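Here is what each chain is made of, one letter per residue.
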Amino acid sequence: MLVGGNSSRMGRNKALLSSHGRTLSQVVGDAVRAVAGSVAMVGGSPETTAVRVGFVPDLYPGEGPLGGILSALRDSAAEWNLIAACDMPALKIDFLSQLMERAEHSQSMAVIPAGPSGRLEPLCAAYHRNAAAGLQAAFDRGIRKIAAALAEIPANTWQVPEELSCFQNVNTPEDWAAYDR
């Protein structure tokens, strides 16, 4: 599942940014599809279907990425769900494959990578469908930060080796210019 799209700093829907004939959601979606077998975009608008991904309505529009994760988990029949932000064009299939392999052998409800700096990347992570109940409980109490909601479920952190790090995202026109060369 892809989460995201609109950004006030970009001034437009990041999922629809185009580079070399492909949109950001196509680039990220193709990587997710290669590992998970299918891909759908949470939130935004049905126009994302024009970029070769399915569309899942955001059950909590305007409530941030945690609402997007909950929407994805509620819509999916899969045991493990690969959740990726639509604005991470450097995601690698090898990395995503290792992430899902770790998840499938995990006893936790989420596997959250951490980049070389140690910063957690909950918008490029694997979530078990049973994580929805704990995350929903946190959301219902007003928690909107993913990191705070993760305290409600058993989650493993995976310190990603430097050579697999691929978490650069596109949040500003400057980020996009650096990627779109």
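Keep in mind that what you see is a predicted model, and the values were worked out from it rather than measured.

### A closer look at the pattern of salt bridges
Logical step 1: Here the structure, examined in full by the defined rule, presents 5 salt bridges.
Logical step 2: Glu63 is the partner of Arg144 in a salt bridge, and the nearest nitrogen-oxygen pair spans 2.6 Å. Here the residue Arg144 occupies a position in the loop between α4 (131-140) and α5 (146-149), and Glu63 occupies one in the loop between β7 (54-56) and α2 (65-75), the gap between them amounting to 81 residues.
Logical step 3: A relative accessible area of 34% means that Glu63 is categorised as partly exposed.
Logical step 4: As a salt-bridge pair, Glu121 and Arg119 come within 3.9 Å of each other at their nearest N and O atoms.
Logical step 5: Through salt bridges with shared partners, one network takes in Arg22, Asp30 and Arg33.

### Quick word on the layout of surface pockets
Logical step 1: The computed volume of the second largest pocket comes to approximately 210 Å³.
Logical step 2: Elements supplying a minimum of two residues to the lining of the second largest pocket: α1 (24-36), β8 (80-85) and α3 (93-104).
Logical step 3: In terms of residue class, the lining of the second largest pocket is made up of 10 nonpolar, 3 polar and 1 charged.

### Brief notes about the pairing of strand β9 (residues 110-114)
Logical step 1: Judged by how many residues are buried, β9 sits mostly within the fold: 5 of 5 residues are covered.
Logical step 2: Here β9 shows no split at all, with Ala110, Ile112 and Ala114 on one side and Val111 and Pro113 on the other all buried.
Logical step 3: Relative to strand β10 (residues 124-128), β9 is paired through 2 bridges, and the arrangement is antiparallel. Paired with Ala110 across the strands is Tyr127, a residue of β10.
Logical step 4: Bridging between β9 and strand β11 (residues 155-159) involves 5 bridges; their strand directions are parallel. Bridging across to β11, Ala114 finds its partner in Gln159.

### Quick look at α1
Logical step 1: The end-to-end C-alpha distance of α1, which contains 13 residues, comes to 18 Å, matching closely the 18 Å that a straight helix rising 1.5 Å per residue would cover.
Logical step 2: When α1 is considered as a whole, its buried residues turn out to be Leu24, Ser25, Gln26, Val27, Val28, Gly29, Ala31 and Val32.
Logical step 3: Within two residues after α1, Gly37 carries a phi angle of roughly 95°, on the positive side.

### Some details on the packing of α2 against α4
Logical step 1: Interhelical geometry of α2 versus α4 gives an angle of 145° and a closest axis separation of 10 Å. When you trace α2 past α4, the crossing you get is left-handed. In this structure, α2 contributes Leu66, Gly67, Ile69, Leu70, Leu73 and Arg74 to the contact, and α4 contributes Ala131, Ala132, Leu135, Gln136 and Phe139.
Logical step 2: Broken down by class, the residue content of the contact of α2 with α4 amounts to 8 nonpolar, 2 polar and 1 charged.

### Let's talk about the side chain of Asn81
Logical step 1: Looking at the secondary structure, you find Asn81 in strand β8.
Logical step 2: A polar contact is formed between the side chain of Asn81 and the backbone oxygen of Ala78, at a distance of 3.3 Å.
Logical step 3: Excluding residues within four positions of it along the chain, Asn81 makes contact with Leu73, Ser76, Ala125, Ala126, Tyr127 and Arg129.

The rules behind each value
Residues numbered from 1 in each chain as written. Predicted model: local features only at pLDDT ≥ 70, side-chain atom pairs only at ≥ 80, totals over all residues. Heavy atoms only, no water. Salt bridge = Lys/Arg side-chain N within 4 Å of Asp/Glu carboxyl O. Helix = DSSP H or I, 4+ residues; strand = E, 2+ residues; numbered from the N terminus. Buried < 20%, exposed > 50% of the residue type's maximum accessible area, 1.4 Å probe, protein only. 1 Å grid on protein atoms, 1.4 Å probe; cavity = no way out; pocket = protein on both sides within 12 Å on 5 of 7 lines; lining within 4 Å. Points joined across faces, edges and corners; volume = space filled by probe spheres on them. Nonpolar A, V, L, I, M, F, W, Y, C, P; charged D, E, K, R; others polar. Pairing = 2+ DSSP bridges. Expected span 1.5 Å × (residues − 1). Axes fitted to C-alpha atoms, helices over the stretch in contact; angles between N-to-C directions. Left-handed = near helix turned anticlockwise from the far one by under 90°. Contact = heavy atoms within 4.5 Å. Polar contact = N/O pair within 3.5 Å; in protein donor to acceptor, adjacent residues only side chain to side chain.

Without other data, these values stay purely geometric and don't point to any function.
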